[in-house]
Amino acid sequence: MKSPQYTREIPQRYRLEAQKCTRCGKIHFPPRLICSACHSRELEAITLPRQGKVLTWTVIHVPPANFSLEAPYIIAIVELEGGARLTCQVVDCDPDELAVDAPVELVFRRIKEDSPADIIQYGYKAVLRRG
Amino acid sequence: MRDVYVIGVGMTRFGELWEVSFKDLFVEAALAALDDAATDRLDAMYVGCMSSGLFVGQEHIGALLADYLGRNPIPATRVETACASAGAAIRLAYMEVAAGTSEVVLAGGVEKMTDGADVTAALATAADQEYEVYHGVTFPGLYALMARAHMHRYGTTREQLAQVAVKNHRHGALNPKAQFPFEITVEQVLASSMVADPLRLLDCSPVTDGAAALILASAEVAGQAQNHPPVLVIASAQATSTIALHNRPVITRLDAVQRAAEAAYKQAGITPDEVDVTEVHDCFTIAELCVMEALGYARPGEAAALVEAGETRIGGRMPINTSGGLKAKGHPVGASGAAQIVEITQQLRGEAGDRQVEGARIGLAQNMGGTGASCTVHILRAVS
Ligand SMILES: [Zn+2]
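Here we summarise the structure given alongside this text. Note that the coordinates shown come from a computational prediction; the quantities given were computed from them, not determined experimentally. (Residues numbered from 1 in each chain as written. Chains lettered and ligands numbered in written order. Predicted model: local features only at pLDDT ≥ 70, side-chain atom pairs only at ≥ 80, totals over all residues. Heavy atoms only, no water.)

This next bit is on the overall build of chain B. Of regular secondary structure, chain B possesses 14 helices and 11 strands. The C-alpha radius of gyration computed for chain B amounts to 19 Å, which stays within 12% of the reference 21 Å derived for 384 residues, consistent with globular compactness. When the backbone C-alpha atoms are referred to their principal axes, chain B occupies close to 55 × 45 × 35 Å. With 384 residues in all, chain B has 66% of them scored as buried. Residue pairs at least 24 apart in sequence account for 77% of intrachain contacts in chain B once pairs closer than 6 positions are excluded. Surface exposure of chain B reaches about 12800 Å², of which carbon and sulfur atoms provide 49%. Both charge centroids of chain B, one from 28 positive and one from 43 negative side chains, sit 4 Å from each other. (Helix = DSSP H or I, 4+ residues; strand = E, 2+ residues; numbered from the N terminus. Rg over C-alpha atoms; globule rule 2.2 N^0.38 Å. Buried < 20%, exposed > 50% of the residue type's maximum accessible area, 1.4 Å probe, protein only. Contact = heavy atoms within 4.5 Å. Areas by Shrake-Rupley, 256 points an atom, 1.4 Å probe, with all protein chains shown as cover. Lys, Arg positive; Asp, Glu negative; His and termini not counted. Charge placed at Lys NZ, Arg CZ, Asp CG, Glu CD.)

All right, on to the interface of chain B and chain A then. Taken together, the contact between chain B and chain A spans 27 residues of the former and 34 residues of the latter. Buried surface at the junction of chain B and chain A, both sides included, amounts to about 2600 Å², of which 57% is carbon and sulfur. Contact with chain A buries surface across chain B, with B:Tyr131, B:Tyr134 and B:His135 losing the most and accounting together for 32% of the total. Here chain B is connected to chain A by zero salt bridges. The interface formed by chain B and chain A holds 19 residue pairs in polar contact (both at pLDDT 80 or more) in total. (Buried area = accessible area lost by both parts, 1.4 Å probe. Salt bridge = Lys/Arg side-chain N within 4 Å of Asp/Glu carboxyl O. Polar contact = N/O pair within 3.5 Å; in protein donor to acceptor, adjacent residues only side chain to side chain.)

Bringing the coordination of the zinc ion into the picture now. Residues and elements named next belong to chain A. All of the protein donors around the zinc ion are Cys-21 (SG), Cys-24 (SG), Cys-35 (SG) and Cys-38 (SG); their distances to the metal are 2.3 Å. One can describe the donor arrangement at the zinc ion as tetrahedral, given that its four donor atoms subtend angles of 99 to 115° at the metal. Mapping the donors of the zinc ion onto the primary sequence gives the spacing C-x2-C-x10-C-x2-C. Here Cys-21, found in strand S1 (residues 17–21), pairs with Cys-35, found in the loop between strand S2 (27–28) and strand S3 (43–47); they are 14 residues apart in sequence, far enough to count as distant. Note on Cys-21: relative accessible area 3%, which makes it buried. The buried category is assigned to Cys-35, whose relative accessible area is 0%. (Donors = N, O, S within 2.8 Å, 3.2 Å for Na, K, Ca; no water. Tetrahedral: all angles 85-135°; square planar, octahedral: opposite > 155°, others 65-115°.)

Another point: the sheet that holds S1(A). Residues and elements named next belong to chain A. Taken in spatial order, the three strands line up as S2-S1-S3 in an open sheet, and their pairing is antiparallel. Each edge of the sheet is formed by a strand with only one pairing partner; in this case those strands are S2 and S3. Across five bridges, the pairing between S1 and S3 is antiparallel. By the bridge assignment, Cys-21 is partnered in S3 with Leu-43. (Pairing = 2+ DSSP bridges.)

It is worth spelling out the pairing of strand S7 (residues 103–113) of chain A at this point. All names here are of chain A. Where strand S4 (residues 51–60) lies against S7, three bridges are found, and the strand directions are antiparallel. Paired with Gly-52 across the two strands is Val-104, which belongs to S7. Strand direction decides the pairing type here: S7 and strand S8 (residues 120–128), joined by nine bridges, are antiparallel. When the bridges of S8 are listed, Glu-113 appears paired with Ile-120.

As a further point, take the packing of helix H4 (residues 85–98) of chain B against helix H14 (residues 336–349) of chain B. Relative placement of two packed helices is described by the angle separating their axes and the distance separating the axes. Residues and elements named next belong to chain B. Viewed as axis vectors pointing N to C, H4 and H14 meet at an angle of 65°, and their least axial separation amounts to 5 Å. In terms of orientation, H4 and H14 fall into the roughly perpendicular class. Facing Ala-86, Gly-87 and Ile-90 of H4, the residues of H14 in contact are Gly-337, Ala-338 and Ile-341. (Axes fitted to C-alpha atoms, helices over the stretch in contact; angles between N-to-C directions. Parallel < 35°, antiparallel > 145°, perpendicular 65-115°, else oblique.)

Further remarks concern the pairing of S1(A). Within a regular strand, the side chains alternate between the two sheet faces. Residues and elements named next belong to chain A. Two strands pair when backbone bridges link them, and S1 and S2 are joined in this way by two bridges, in the antiparallel orientation. Bridge pairing links Gln-19 to His-28 in S2. Hairpin connection between S1 and S2: a loop of five residues separates the two successive antiparallel strands, and Gly-25 in this loop has a positive phi of roughly 90°.

Along an α-helix, residues three or four apart share an orientation, since each turn contains 3.6 residues. All names here are of chain B. With 16 residues, helix H1 (residues 22–37) extends 23 Å between its outermost C-alpha atoms, agreeing within 8% with the 22 Å of an ideal straight helix rising 1.5 Å per residue. Among the residues of H1, those classed as buried are Phe-22, Leu-25, Phe-26, Val-27, Ala-29, Ala-30, Ala-33, Leu-34, Asp-36 and Ala-37. Of the residues flanking the end of H1, it is Ala-38, one or two places downstream, whose phi is positive at about 55°. (Expected span 1.5 Å × (residues − 1).)

Residue and element names in this part refer to chain B. All chains considered together, the criterion is met by one cavity of 30 Å³ or more. Mapped by element, the contributors of at least two residues to the lining of the largest cavity are H14, strand S10 (362–369) and strand S11 (374–382). In terms of residue class, the lining of the largest cavity is made up of two nonpolar, seven polar and no charged. (1 Å grid on protein atoms, 1.4 Å probe; cavity = no way out; pocket = protein on both sides within 12 Å on 5 of 7 lines; lining within 4 Å. Points joined across faces, edges and corners; volume = space filled by probe spheres on them. Nonpolar A, V, L, I, M, F, W, Y, C, P; charged D, E, K, R; others polar.)

All names here are of chain B. By the element assignment, Ala-339 lies in helix H14. Linking Ala-339 and Glu-19, residues 320 residues apart in sequence, is a C-alpha distance of 21 Å. Residue contacts for Ala-339: discarding those within four places in its chain leaves Met-11, Phe-14, Ala-212 and Lys-329.

Should their charged atoms come close, side chains of opposite charge can pair. Residues and elements named next belong to chain B. As enumerated under the stated definition, the model contains 23 salt bridges over all chains in all. Its salt-bridge partner being Lys-167, residue Glu-288 comes within 2.5 Å of it at the nearest N-O pair. Of this pair, Glu-288 sits in helix H11 (residues 285–294) while Lys-167 sits in helix H7 (residues 158–172), and the two are 121 residues apart along the sequence. You'll find Glu-288 and Lys-167 in the same group, each marked buried. A salt bridge links Arg-253 to Asp-255; its shortest N-O distance comes to 2.7 Å. The exposure class assigned to Arg-253 is partly exposed, which follows from its relative accessible area of 34%. The class of Asp-255 is buried, set by a relative accessible area of 17%.

Now for the side chain of B:Thr345. Residues and elements named next belong to chain B. Examined against the element boundaries, Thr-345 turns out to sit in helix H14. Exposure remark for Thr-345: the relative accessible area of 0% places this residue in the buried category. If sequence neighbours within four positions are ignored, Thr-345 has contacts with Val-6, Val-9, Val-231 and Leu-380.

Written out as structure tokens, the structure is:
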């Protein structure tokens, strides 16, 4: 990913900046120009909570080239409190510890480095909330 | 709107065809379709192709392929909806004939995947680059997320997923054009290498070179056809859903497939149980189950039991993927939707040989892109 494209997404990737539709209440992550549920263009900025749960997960054994050093790694669909959903890695845990509905928290981590000439990219990953 | 008929079909062999170029693949399929229709007339063409830019470094393929097919100056347009590209090309060709703009239109698809490109990265462009692929997910990974959710919600088993691949290879073994014309066992699927847990290598469709083409025509032209009985297109529908899998209300429910199917049944004036033979987009074993449920062939969570009972085999109550499906026949992504309708047309003509479904009168083809964000459904009927 080139740096202009990466830089534009920093508010979402670093701070989970999102939107709530002022008419119907639907939460959009990342932000967009029109609500997909009711077509309202009145959307207010919100910050997503970092707590949520795993809806489903997989362990990637055959990775894309730019993740080749990390495989195998866990990818999950996470539903955050309030209902927003996203896809991210789950780290610092063994796949055996995961289950549907497992409680997780998003943390700020290094995601990848596309090539030696490229920028190091950061964003959110999930960790298990234990105990 | 006028009636639209399929009067000719053609396809290349599917496989790793290193000796054949991108252009020649398409032209070979198109010539086979023209010969099958016994016509030399074409008024326009639509070519489905997911990613010639990434796979072979070539864009602007409408004009290119019209040139190499010797058809300049007819209008020629490339259509892209990821792995549903050919289905979308067929829909546009259908509408052009139905509208009365053209009498004879070629619709097809082509993909050349083995010329050395990074296939995983190219395929991943069909998902949300910034919010899915960014985090390291692959296409098998996205379908694995669906598989895990299906297993958790409905109790679908690992063995039941394997049975989809076993059934499709059983059919593919009867198809001389198939990339993998041989049978496999449940044990082999379960012992194959892990790609994205719970999906293993033999749950996944392969990387394939290939092309397929159809000739669509008005009733007047179809009435003059000599070689084969024409087949009537009784529905052509398309729908979309969210690009990111995580934004679907139910992860295992393919909303675009459901919408396209409902529209197609309405156009055709039929119910799902009237379909005699079906081709579905089994890019991964779990996809075939989710598609069956979205098409209304089974209630949510009940598709696997039908596969297990043999209902979806040739000879069963609802034969699915008689060609071998994407799994055994091969999956040249931009061509698969056209190859499905090649199979359905041959079935409805009674020309499917060892794979023939006895008395097949109505056939359905379902083609999708990404994790189902694009879907087309076509329904065809034998005329004679
Ligand atoms: Zn709204």
